[in-house]
Amino acid sequence: MIRITDIVDRVLEYNADSDIDIIDRAYIFSARVHEGQVRLSGEPYLSHPLEVAYILADMNLDAVSISAALLHDVIEDTHATNEEVQQLFGDEILHIVSGVTKLSSLTFENAQARQAESIRKMLLAMADDLRVILIKLADRLHNMRTLQFHKEAKRRAIARETLDIYAPLAARLGIYWMKRELEDTAFRHILPTEYAEIEDRLAKDKKEREAYVESVKKIIREKMAENELECEVLGRYKYAYSIYQKMKSQELAFEDVYDIIAFRIIVKTVPKCYEALGFIHSMWKPIDIKFKDYIARPKPNMYQSLHTTVIGPAGERIEIQIRTWEMDRVAKSGVAAHWSYKEGQSVDEDASHKFAWIQNLIENQEITKDPDEFLENVRIDLFPDEVYVFTPNGEIKTLTKGSTPVDFAYLIHTEVGHQCTGAKVNGRMVPLRYELQTGDVVEIVTTKNHQPSKDWLKFVQTVKARSRIRQWIKTQEKDRSVSLGREMLEKAFRKHKLDYNILSKTDEMEKLAGVFGFKRVDDLIANVGYGKITPLQVVRKFVPPTQEPESQEDEQSILHKIMGRVRNKKSKTGVLVRGLDDILVRFGKCCQPVPGDPIIGYITQGYGVTVHRTNCVNALKMNPERGIDVEWNQGPDQTYPAKIRVNSTDRVGLLADVAASISKFNANIVSANTTTRENHTVDSMFTLAVEDINHLDKVVSALKKVKGVLGVKRIYN
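The model shown is predicted, which means the values in this text are computed figures rather than measured ones.

Criteria and thresholds
- Residues numbered from 1 in each chain as written.
- Predicted model: local features only at pLDDT ≥ 70, side-chain atom pairs only at ≥ 80, totals over all residues.
- Heavy atoms only, no water.
- Pairing = 2+ DSSP bridges.
- Helix = DSSP H or I, 4+ residues; strand = E, 2+ residues; numbered from the N terminus.
- Axes fitted to C-alpha atoms, helices over the stretch in contact; angles between N-to-C directions.
- Phe/Tyr/Trp six-rings, centres within 6.5 Å; stacked < 30°, edge-to-face > 60°.
- Buried < 20%, exposed > 50% of the residue type's maximum accessible area, 1.4 Å probe, protein only.
- Contact = heavy atoms within 4.5 Å.
- Core = buried A, V, L, I, M, F, W, Y, C linked by side-chain atoms within 4.5 Å.
- Parallel < 35°, antiparallel > 145°, perpendicular 65-115°, else oblique.
- Left-handed = near helix turned anticlockwise from the far one by under 90°.
- Nonpolar A, V, L, I, M, F, W, Y, C, P; charged D, E, K, R; others polar.

Engineer: Teacher, can you tell me more about the sheet that holds strand β10 (residues 428–430) here?
Structural biologist: Adjacent strands of a sheet form backbone hydrogen bonds with each other and so pair up, either parallel or antiparallel. Taken in spatial order, the three strands of this open sheet run β10-β9-β11, and their pairing is antiparallel. Edge positions in the sheet fall to β10 and β11 (442–446), since each of these pairs with one other strand and no more. Adjacent strand axes in the sheet meet at a mean angle of 35 degrees, parallel and antiparallel pairs treated alike. The sheet contact formed by strand β9 (residues 420–425) and β10 spans three bridges and is antiparallel. Each residue of the ladder has a partner; that of Lys-424, found in β10, is Met-429.

If you want it as structure tokens, here you go:
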């Protein structure tokens, strides 16, 4: 276990003037309030804040950061209060600790909402002080190192969140060593079989690869020495998750993955970087599309380096990075290398300006209330690939890779986006779904009073564009639903000889909105229009039970009219809607959910309820106001369609073996389609009838064991 003396010694190594007293006081306080607490591993709980503090000390952070790391769990997990921390350690440390603390004391509808709000709070605090996220990342890193002590379901949930949120954050902050460890550890827990397979493959020919690495390093050193260029040459394997991503994205077998080995050349100055690049390209043929100049155009996290892939010795593709010593320091520490916190001084203003993307991320999330949408938007914002385009005036704009003129229009201003009717790229008219490329000059054509199209959601890439379009659609739908809801309420009130127009303006109606959980009467009326509340539910609040002529059956009939036709016989879909029977239910063809998948329903007037997987892209585009709770209610002998893609090497009898594996688990093949490629691999698309997600998982596991099968993947569209 790390000791406080190890942390203090490490801090004094890089800053002899550090305020060690505050670190000691934070340690003593943390030890006192955590006394008696233990982790799942059986170790004293204090071991965790000590490990987190040491990770930050290893990143050369200041004494305030180290102290806050030692205290990061005291408010959440002990009897310590905000006031106590403020009194003993000051406002600065309290602000950081509060930013790291989860929202444990608040009540949320579900775990997803809690996670979304915790991340939102962390991001808001991060905008003020980046040390919040540095501590949170160190906290997550140590938790991932001890993840094996959790139950399997919890391990997988934490690992998935790490891959979705924390690893991309580490990358955006330029802390690549942390990103690699977070991804590899998460990969090991989410897909243990695939992880073990890649590790075994790497270990098999380790000696040969090590010999190859040494021979290439020797050739590079000799070439540089021959040209009197002083440098250091390093070689390393790419990590398991990186290899897996390449296999998955390019549908390659392990043997076909190139550039598993990467080399790094470190020189003194920027001109020498380009000089070294020239020598490398004079020795080995470069692959043009693989060259990246991050020195001339740094990444948003300030990462700089030259990247090139060449055909090296023995015809192997090798990746080579060339950078200066300063660039290497930034590449290792990321934001921590620039965020010069010193006792009694403010942060580096230049660094604050360069990390303005964090503020943009915050602004994009401010209008998003739905937890699913918020988390999806954060993932998009953290996506690292970007393109750089120009306005007609020569101003450079940064957009997510794959962005369109519509994304560019919304980046300029929301009204420009709403009124966008066309676009010119490099002087020529292009479709609105045109994919922008780095260097494009973009001019937007607008028309007054034009309105955005719902179809834009199918191709826009940026969070700002998606959220603004959805907000506009939501406003339009609400207006229509308010009108429909008012009409339905007027009819229902007339049946009971009540004047809706008078009653809707009374205090009783205001109070009634609150009873249903709404702030305004209009929200209540809109939800009647959406079909989430029946007019009868509202009328009942104004009519004594003895005067109520309509029955429960009447209420359901109204709901049926809103949602769609009544089914004459019991629903065979295997899904319950709000506990009601005989509601028309259909499954989204875009995601084809099966029992075991998390699902949500969306009300569509006249078409009943459409059921989607909760993380379906199309579901995320729906108006959350139309969402309705649904749950699986599977009966015996019910099956559901699920699509899978099997990628394999071509051989005689392959299809027969695949079909036999599917039949072995009593999964019926509804349809099949195969395509043989030029590289002698086969893509087979199957639609299977399965009972639930566990049934499908068993089939997929069996298929992976068939000789020649390279990969099996479930397809959602």
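Engineer: Can you help me understand the packing of aromatic side chains in this one?
Structural biologist: The geometry of an aromatic ring pair is captured by the separation of the ring centres together with the interplanar angle, meaning the angle of the planes. Using the criterion set out here, one finds 10 aromatic pairs in the structure. A centroid spacing of 5.7 Å and a plane angle of 70 degrees characterise the contact between Phe-29 and Phe-89, whose relative ring orientation is edge-to-face. In this pair, Phe-29 sits in helix α2 (residues 20–33) while Phe-89 sits in helix α6 (residues 82–89), placing the two residues 60 residues apart along the sequence. The residues Phe-29 and Phe-89 share a single accessibility class, namely buried.

Engineer: Honestly, the environment of Leu-229 in this entry has me stumped. Any pointers?
Structural biologist: Structurally, Leu-229 is set in the loop between α13 (206–226) and β1 (232–237). The class for Leu-229 is buried, based on a relative accessible area of 4%. Separated by 46 residues in the primary sequence, Leu-229 and Glu-275 place their C-alpha atoms 8.5 Å from one another. In contact with Leu-229, other than residues within four places in its own chain, are Met-224, Val-267, Lys-272, Glu-275, Ala-276 and Phe-279.

Engineer: Which parts of the structure should I look at to understand the nonpolar core?
Structural biologist: The nonpolar side chains of soluble globular proteins are, as a tendency, buried together. Formed by 74 residues in total, the largest nonpolar core has its most connected members in Ile-23 and Leu-137. In this view, Leu-137 contacts Tyr-166, Leu-169, Ala-170, Leu-173, Ile-175, Met-178 and Leu-182; residues no more than four positions away in its chain are not counted. Of all hydrophobic cores here, the second largest spans 30 residues; its members include Val-575, Leu-696, Val-699 and Val-700.

Engineer: So what exactly am I meant to see when it comes to the packing of helix α1 (residues 4–14) against helix α3 (residues 47–58) here?
Structural biologist: For any two helices packed against each other, one specifies the inter-axial angle together with the distance between the axes. At a minimum axis separation of 9 Å, α1 and α3 run at an interaxial angle of 15 degrees. Compared by their axis directions, α1 and α3 come out roughly parallel. Both α1 and α3 take part in a crossing whose hand is left-handed. Together, Ile-4, Asp-6, Ile-7, Arg-10, Val-11 and Tyr-14 of α1 and Leu-50, Ala-53, Tyr-54, Ala-57 and Asp-58 of α3 make up the contact between the two elements. Grouping the constituent residues of the contact of α1 with α3 by class yields eight nonpolar, no polar and three charged.

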